[in-house]
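# Coordinate inspection notes
Residue-level listing of the chains:
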Amino acid sequence: MAFLELTGVQKRFGEFAAVHNFDLAADAGEFVSFLGPSGCGKTTTLRMIAGFERPTAGKIVVNGADITDKAPNQRNVGMVFQSYALFPNMTVADNVGFGLKIRKRSKDQIKKRVGELLELIHLPDKASRYPWQLSGGQQQRVALARALAIEPQVLLLDEPLSALDAKIRVSLRNEIRAIQRQLGITTVYVTHDQEEALSLSDRIVVMSEGRVEQIGTPFEIYNFPSTGFVARFVGTLNVLSAKVIDPGAGTLEVAGQPIRAAKPISGGHAGGMITVALRPEIIQLGSRADLNNLSGIVDDVTFLGSIVRVRIKFTDGSGVISFDTFNNPHLAVPDRGTAITVSFPTEACLVLDQAEAAAAAAPEDLDAA
């Protein structure tokens, strides 16, 4: 039996449906991220688990107990907010111990627990400081310790790193994951940052317009997206128009050049047009007889630090495709205007749903990602 269960959870604000029939079963100690664009319902779902919003329909169960209609203070749930929400007139120690004080724990118990948590978040020497005397990363550590102080059954984090700069975000997310694993606490993490979700999670719930698009491991979400939205939202993507040659054999034509998908083209018919997608990092320079091959002219070369992105324009003017290669001091990058061929395996060819083809990202969206 799952430790945290959401069954048919819905939330309406008047006529607007913020969350539609949300289902999730998370195991004890699992780290689950809600990933999606702003307004997709991920924070609303988190707030329903916390008790700050009441579901319009559905049920929320933690460790076998129905908490759907319980008030926030009647749930053993810890919450870390995006804005830290620390009490400015309290010291770090008092902030961390606040929940324990409300629960009328003894002073000795509070002191012991606060000391343990300050050690855990690597701030044992900051107990007497006030929030304004701390950096943003330190304040978020204190907010995490305060949420953990009450020994919650479930830890909820609402975009806790969005206000921090890039290097601190990477460092702190690693610390959050290490602490979560050490404590074995079931955790739900809300983010719109795909890198955070992919690096932190045991499983990811991708959401769009209040609906669950896909639930899976980071590997499954990235490599085997089940919808066009997931394919476009998670990672960078080449989106190409393809003509169906033989749907049963999975053979296609892109820019007048034959390629093959790993599976038959369901719903396609010979001569029809579909949309296919390719991850730029799975494409390699050079022709291979056992792989799909596409040829074109180098249109642009972009240095992105650890990787170099090469954009190729098809000679018939039907579009462009980009591929990524790791940067190194000896990398030979083709010049603009050079005719080149790239190759990729059949399983890399993602066929997007016909209904979503019209909404597929334009090729130039890859370079803006």
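Refer to the preceding data block for the structure.
Description of the structure in this document. Because the structure is a prediction, the values reported are computed rather than measured.

### Things to note about the pairing of strand β3 (residues 31-35)
Counting buried positions over the five residues of β3 gives five, a clear majority of the element. Every second residue of β3 is oriented toward a common face, with F31, S33 and L35 on one face and V32 and F34 on the other, all of them buried. With five bridges connecting them, β3 and strand β8 (residues 186-191) associate as parallel partners. The residue bridging F34 from the neighbouring strand is V190, located in β8. Where β3 and strand β9 (residues 203-208) come together, four bridges link them in parallel fashion. From the neighbouring strand, F34 faces β9, where its bridge partner is V205.

### Observations regarding the sheet that holds strand β11 (residues 238-246)
Strands sit in the order β13-β12-β11-β14-β20 across an open sheet of five strands; the sheet is antiparallel. Two strands in the sheet have a free side with no partner beyond their single neighbour: β13 (257-260) and β20 (350-351). In this sheet, strand β14 (residues 273-278) lies alongside β11 in antiparallel orientation, the contact comprising six bridges. Along β14, the bridge assignment pairs L240 with V276.

### Looking at the pairing of β13
Burial of β13 is one-sided: the residues Q257 and I259 facing one way are buried, the residues P258 and R260 facing the other way are not. Here strand β12 (residues 251-254) pairs with β13 via four bridges, running antiparallel. Among the inter-strand pairings, E253 is bridged to a residue of β13, identified as P258. In textbook terms, the turn of a hairpin is the stretch between consecutive antiparallel strands, and for β12 and β13 this stretch comprises two residues, one of which, A255, has a positive phi near 55 degrees.

### Let's talk about the nonpolar core
Counting 32 residues, the largest nonpolar core has V96, L144, L148 and L155 as the members making the most contacts within it. At the level of elements, α2 (92-102), α3 (107-120), α4 (136-149), β7 (154-158) and α5 (166-183) are the ones that each hand at least two residues to this core. Considering every element that reaches this core, the biggest residue donor is α4, with seven residues. Dropping the residues within four chain positions of it, L155 is found in contact with G78, V80, L144, A147, L148, I185, T186, T187 and V188. In this structure, V9, V32, V77 and L156 belong to the second largest nonpolar core, which totals 27 residues.

### Focus: the sheet that holds strand β17 (residues 307-313)
Taken together, five strands build an open sheet; the order of strands is β15-β19-β16-β17-β18 and the sheet is antiparallel. Across the chains shown, the open sheet's two edge strands, defined by having one partner strand only, are β15 (284-285) and β18 (320-326).

### Regarding the packing of α4 against α5
Interhelical geometry of α4 versus α5 gives an angle of 20 degrees and a closest axis separation of 11 Å. Relative to α5, α4 is oriented roughly parallel. Considering only the axes of α4 and α5, their crossing is right-handed. Residues G137, Q140, R141, L144 and L148 of α4 lie in contact with α5, whose contacting residues are I168, L172, E175, I176, I179 and L183. Within the contact of α4 with α5, the residues separate by chemical class into seven nonpolar, two polar and two charged.

### A short note on empty space enclosed by the protein
If you walk through the whole model with that rule in mind, you get one cavity of 30 Å³ or more. If you add up the space inside the largest cavity, you get close to 30 Å³. Every residue along the wall of the largest cavity is listed here: V80, Q140, R141, L144, L157, P160, L172 and I176. Elements with a minimum of two residues in the lining of the largest cavity: α4 and α5.

### A few points about the side chain of Q214
Residue placement: Q214 occurs in strand β10 (residues 211-216). Exposure remark for Q214: the relative accessible area of 10% places this residue in the buried category. Within the structure, the side chain of Q214 is placed 2.7 Å from the backbone nitrogen of S226, a separation counted as a polar contact. Not counting residues within four places of it along the chain, the set of residues in contact with Q214 comprises I204, V205, V206, E220, I221, F224, P225, S226, T227 and V230.

### Description of helix α1 (residues 42-50)
In terms of burial, α1 is a largely internal element, seven of the nine residues being buried. Those residues of α1 that fall on the buried side of the exposure criterion are K42, T44, T45, L46, M48, I49 and A50. Phi turns positive one or two residues past the end of α1, at G51, with a value near 100 degrees.

Reading the values: the criteria
Residues numbered from 1 in each chain as written. Predicted model: local features only at pLDDT ≥ 70, side-chain atom pairs only at ≥ 80, totals over all residues. Heavy atoms only, no water. Buried < 20%, exposed > 50% of the residue type's maximum accessible area, 1.4 Å probe, protein only. Helix = DSSP H or I, 4+ residues; strand = E, 2+ residues; numbered from the N terminus. Pairing = 2+ DSSP bridges. Core = buried A, V, L, I, M, F, W, Y, C linked by side-chain atoms within 4.5 Å. Contact = heavy atoms within 4.5 Å. Axes fitted to C-alpha atoms, helices over the stretch in contact; angles between N-to-C directions. Parallel < 35°, antiparallel > 145°, perpendicular 65-115°, else oblique. Left-handed = near helix turned anticlockwise from the far one by under 90°. Nonpolar A, V, L, I, M, F, W, Y, C, P; charged D, E, K, R; others polar. 1 Å grid on protein atoms, 1.4 Å probe; cavity = no way out; pocket = protein on both sides within 12 Å on 5 of 7 lines; lining within 4 Å. Points joined across faces, edges and corners; volume = space filled by probe spheres on them. Polar contact = N/O pair within 3.5 Å; in protein donor to acceptor, adjacent residues only side chain to side chain.

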